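Structure at a glance
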Amino acid sequence: MTKKFWILVLGMTLGLVGGYAPATAKLAFAGSAAQVSQGTVDSPAAQQLVLSGKILVEHGHYVFYNLDTKSTFMIANPSKVKQFKGDTVKVQGRFVAKTHHLYVTKINSIM
């Protein structure tokens, strides 16, 4: 495994355990930082977004890998994305910064 991979795993672990969300450069959020620090999928803190990337499985969990920012997000509803495993996709969903989870509402394959 590469050093970047283990740094990513450590960052995700800290985000899930300690409430620390790794920086997601170039990821535009609608709303204030105060809203983002709260967070369930139904709250205003869950930011609506549209991203392009890949659906991958890492350590038995489905994740979305953003090709632009090289950021990885845990997918909270994996049944929605299973058929797109390994594909490059356009994802629409809600992101909760506090838990670093992406709730996919719409997904389309790009190719």
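Everything here concerns the structure above.
Here's what I pulled together on the structure shown here. All values derive from a computational prediction rather than experimental measurement. (Residues numbered from 1 in each chain as written. Predicted model: local features only at pLDDT ≥ 70, side-chain atom pairs only at ≥ 80, totals over all residues. Heavy atoms only, no water.)

Moving on: the overall build of the chain. A count of helical and extended segments in the chain gives two helices and five strands. Order of helices (α) and strands (β) in the chain, N terminus to C terminus: α-α-β-β-β-β-β. Of the roughly 6500 Å² that the chain leaves accessible, carbon and sulfur atoms contribute 59%. (Helix = DSSP H or I, 4+ residues; strand = E, 2+ residues; numbered from the N terminus. Areas by Shrake-Rupley, 256 points an atom, 1.4 Å probe, with all protein chains shown as cover.)

The biggest cluster of nonpolar side chains holds 16 residues, and the ones touching the most others in it are Ile 55, Phe 64, Leu 102 and Ile 107. Elements with a minimum of two residues in this core: strand S1 (46–58), strand S2 (61–66), strand S3 (71–75), strand S4 (88–96) and strand S5 (101–109). With residues up to four places along the chain from it excluded, the contact list for Ile 107 reads Ile 55, Lys 80, Val 81, Phe 84, Val 89, Lys 90 and Val 91. (Core = buried A, V, L, I, M, F, W, Y, C linked by side-chain atoms within 4.5 Å. Buried < 20%, exposed > 50% of the residue type's maximum accessible area, 1.4 Å probe, protein only. Contact = heavy atoms within 4.5 Å.)

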